[in-house]
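# Structure assessment
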Amino acid sequence: MSSLRQKWITAPLLNWIKKVLPPISDTEREAMEAGEVWWDAQLLSGKPDWDQLLDMGPPELTEAEQAFVDGPVEELCQMVDDWKISYEDHDISPEIWEFLKKNRFFGIIIPEEFGGLGFSPTAHAQIVTKISTRSTSVGVTVMVPNSLGPGELLMAHGTDEQKKHYLPRLADGRDIPCFGLTSPEAGSDAAAMVDAGVVCYQEYNGEKTLGMRVNWHKRYITLGPVATVLGLAFKLYDPDHILGDTEELGITVALVPTDTPGVTIGQRHIPAMQAFMNGPNWGKDVFIPMDWIIGGQENIGHGWHMLMSALAAGRGISLPSLSTGGAKLAARTTGAYSHIREQFGIPIGKFEGVQRRLAEIASIAYVLDSAHKTTTRALDKGLKPAVVSAIMKAHATFGLRQAVNDAMDIHAGKAIIDGPLNYLGNVYRAVPVAITVEGANILTRSLMIFGQGAIRCHPYLLQEMEAATNPDKDQGVKELDALLPKHAFFQLKTFCRAVFHGWTGGLFASSPRGVGEAAKYYRQMNRYSAVLTLVTEISLLSLGGELKRKEMISARLGDVLSELYLMSSTLKRFKDDGSPQQDRPLLEFAMRAGFHNIEVSLIEVFHNFPIRFVGQLMHFLTMPWGHSIRAASDRQARACANLIMVPSETRDRLTKGVFPGNSGDGIDIVEQAFLSSHETEAIREKMKKGGLRALNDNAIDQALSDKLISEEEAEKIRKTSELVNKAIQVDHFESLPSMSPERGSEDTLQ
Ligand SMILES: Cc1cc2nc3c(=O)[nH]c(=O)nc-3n(C[C@H](O)[C@H](O)[C@H](O)COP(=O)(O)OP(=O)(O)OC[C@H]3O[C@@H](n4cnc5c(N)ncnc54)[C@H](O)[C@@H]3O)c2cc1C
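What counts and what doesn't
Residues numbered from 1 in each chain as written. Predicted model: local features only at pLDDT ≥ 70, side-chain atom pairs only at ≥ 80, totals over all residues. Heavy atoms only, no water. Helix = DSSP H or I, 4+ residues; strand = E, 2+ residues; numbered from the N terminus. Buried < 20%, exposed > 50% of the residue type's maximum accessible area, 1.4 Å probe, protein only. Polar contact = N/O pair within 3.5 Å; in protein donor to acceptor, adjacent residues only side chain to side chain. Salt bridge = Lys/Arg side-chain N within 4 Å of Asp/Glu carboxyl O. Near = heavy atom within 4 Å. Areas by Shrake-Rupley, 256 points an atom, 1.4 Å probe, with all protein chains shown as cover. Nonpolar A, V, L, I, M, F, W, Y, C, P; charged D, E, K, R; others polar. Patch = residues over 30% accessible without salt bridge, like charges linked within 9 Å, V, L, I, M, F, W, Y side chains within 5 Å. Phe/Tyr/Trp six-rings, centres within 6.5 Å; stacked < 30°, edge-to-face > 60°.

This next bit is on the side chain of serine 338. For serine 338, the location among the structural elements is in helix α13 (residues 318–340). With relative accessibility at 0%, the residue serine 338 sits in the buried group. Here threonine 334 takes part through its backbone oxygen, which lies 2.6 Å from a polar atom of the side chain of serine 338.

This is how it looks when you write it as structure tokens:
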């Protein structure tokens, strides 16, 4: 029976799979194999095991980590003046560099035995989040040495000798690292770099030494202009067969001291007016001994795999931290400003148009913070969830962009006019940087999230692809044959679940115990997990490798997976926080917005599916009633907006980790005006009842003489009036801060 099945079913199927498989390059395969799957696999199983997620609990800091956040991080934020850094000095001051080095900010992830702080991913993330709310330039400066780059690569792959030499020097800032991957020819397609090395012998320190002669041109390299050690990625060739038969040895990563002969460190790029160090560098016939390769000679050709493994974790920390910080900053300041800024005689936050945007900002901050917490918790447990990290990188930065755009629109002129009083303008300018680096968002959303997620998270697909490409065809048929019945059973279960929950609107889907009123959301999550799993199966079956080229389809399916991840993190956070009733508007808004996006994405997939009939069939099977969950109602939006316009535990919980500014800073003035305005609300009401709507000296004098308020109350409201007046001010300058740097030419240096 089994041999008949193999002959008549499995073997033709294997041929078909081979034919429809997308061509997978070595670099794509290595990217696919980096890190592991986690909750993403549950979401694409059609029946997520919620205990796996909910039992993880909230992320926690150790005493030492908390003390660092409350001590040196707080002190650093107090020292930083972002306006001075960005517009006056265009640089971080020597005192701040010294402080960062002395307090081992560059060694957050380096183990204590090598002189670093040895902190967890959660601590690392909280540190970067807080600093980023003060200054993106300082945030990036701290972020880069602690993420993808020499430190992380050495810890994971370095030889003992390399670790002993470099890690203590990186931890205390004697060495400043940078990482050079991107070149003018190769941006998103980094593996297409033309930077190349040739294996050779050369005299080095008086001895004939085996090494590589390397030429490169890298650009956009963060910390490049001040780096003392460059992590360099290049393609290695062995045309003279010094090492063996193979000529193309693959992408290799070495550590190159920047004072090595032949290395030219370029001048500075100006990335969106941010002041962190960034610039190009070149190498001309630079001799690199073999033992400078990270991990030594045996790691020749393993560079891409090393980078992808590092990205699998790192992408879940750096940009998501900066983005979460930015979204929380937007929520805290915009809520406050909307309360104190009055137009047409009332606070602008009372206008419904503004309220809808405020609700979006609050919800984004809530969702990003939740997903950030869930992700760093997984990283604390030693997981490297590559697809989840890609989701976080893309969607945290997308979320930041929306939150900051809305915050800018609400602040209007107040956030457009630059100066020390403006706490948002620089975050706004930094958004495209976050969108572009560590895998530009359009690429990550369109190609990676679903492209990798569908294959990696599927319980059988990767194994089936391996069986189909097995050079020993008979063995491949046997392997595939063993997988087929399991896959068929999985498809049957998925089909029944998705169709049943689709037709019954998720009414009978299960929910975990102990989640109270939130159970209805879990039911819908289970429903859409089943639907996505079935749609994935059908899409893969009907389009095969063509799906890779249909980026508009796979981007939308990736959005559904991403929403499910963000929403499940939000549900987990609500539970971890003790299901506080006051936070319910945030949960409701976020859930409805998420389900709405999921339904829009799925229906667009059905309408645009390349095989029309298949699209219609999927629509009929899984969403026969069309949209079933409405986006958040206006009532829910109002409730959500109000949460960030009043001082409360919810507001503090939502915006925890935002540096509140030093006394007299723009952000502090707005907060003081906000608090004072709430404290004097009753007095203001008395004035309004007497027909005095304005908040100024004339109105207060009038209220006093009309005996609407007492002397004491007049004193208090006068203080509020003063603070509000201060808070709505913007800067003006005698002359504009100058920046007329001499322009370097890349061509002349090549
Ligand atoms: C401020 C800054 C700091 C940086 N720091 C570093 C660093 O320290 N080290 C380093 O090595 N690099 C660094 N980079 C480089 C960064 O990683 C690249 O900019 C990024 O990879 C994108 O490359 P690119 O800018 O050349 O854009 P391109 O690759 O030209 O992409 C242009 C657009 O096309 C899209 N696109 C490309 N391919 C596809 C596809 N297949 N499907 C869909 N869309 C696609 C991209 O998403 C993007 O929107 C930095 C960049 C900046 C701006």
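Any two side chains of opposite charge can pair, on the condition that their charged atoms come close. In total, this model carries 32 salt bridges according to the counting rule given. The salt bridge partner of lysine 218 is aspartate 195, with a shortest N-O separation of 2.7 Å. You can see lysine 218 sitting in strand β3 (residues 207–222) and its partner aspartate 195 sitting in the loop between β1 (177–180) and β2 (196–204), a full 23 residues away along the chain. In this structure, lysine 218 and aspartate 195 share a single accessibility class: buried. With its nearest N and O atoms 3.1 Å apart, the salt bridge here joins glutamate 671 to arginine 332. Taken together, the positions of glutamate 671 in helix α28 (residues 666–679) and arginine 332 in helix α13 put the pair 339 residues apart, joining distant regions of the chain. Since its relative accessible area comes to 13%, glutamate 671 is described here as buried.

To continue, consider the site of the ligand. Of all residues adjacent to the ligand, which total 20 residues, the nearest are Phe179, Leu181, Thr182, Ser188 and Tyr220. The separation between an oxygen atom of the ligand and a polar main-chain atom of leucine 443 is 3.2 Å. Look at the ligand: alone it shows 980 Å² of surface, and the protein chains cover 68% of it. Of all the secondary-structure elements, those providing two or more residues to the shell around the ligand are β1, β3, α17 (425–436) and α18 (441–457). Residue classes in the shell around the ligand are distributed as 12 nonpolar, seven polar and one charged.

Here we come to a nonpolar patch on the surface. Among the surface-exposed residues, Trp503, Ile611, Phe613, Leu617, Phe620 and Trp625 lie close enough to one another that they form a single nonpolar patch of about 650 Å² accessible area. Sorting elements by how many residues they give to the nonpolar patch places helix α25 (residues 612–622) first, with three residues. In this fold, leucine 617 is placed in helix α25.

The next point concerns the packing of aromatic side chains. Evaluated as defined, the whole model comprises 17 aromatic pairs. Measuring from ring centre to ring centre gives 4.8 Å for tryptophan 50 and tyrosine 522, while their planes differ by 80°; the resulting arrangement is edge-to-face. In this pair, tryptophan 50 sits in helix α4 (residues 50–54) while tyrosine 522 sits in helix α21 (residues 519–543), placing the two residues 472 residues apart along the sequence. On the numbers, 5.3 Å between centres and 75° between planes, the contact of tryptophan 503 with tryptophan 625 is edge-to-face. With tryptophan 503 in helix α20 (residues 473–503) and tryptophan 625 in the loop between α25 and α26 (634–643), this residue pair connects regions lying 122 residues apart in the sequence. A residue is classified by how much of its surface remains accessible, and tryptophan 625, at 56% relative accessible area, is exposed.

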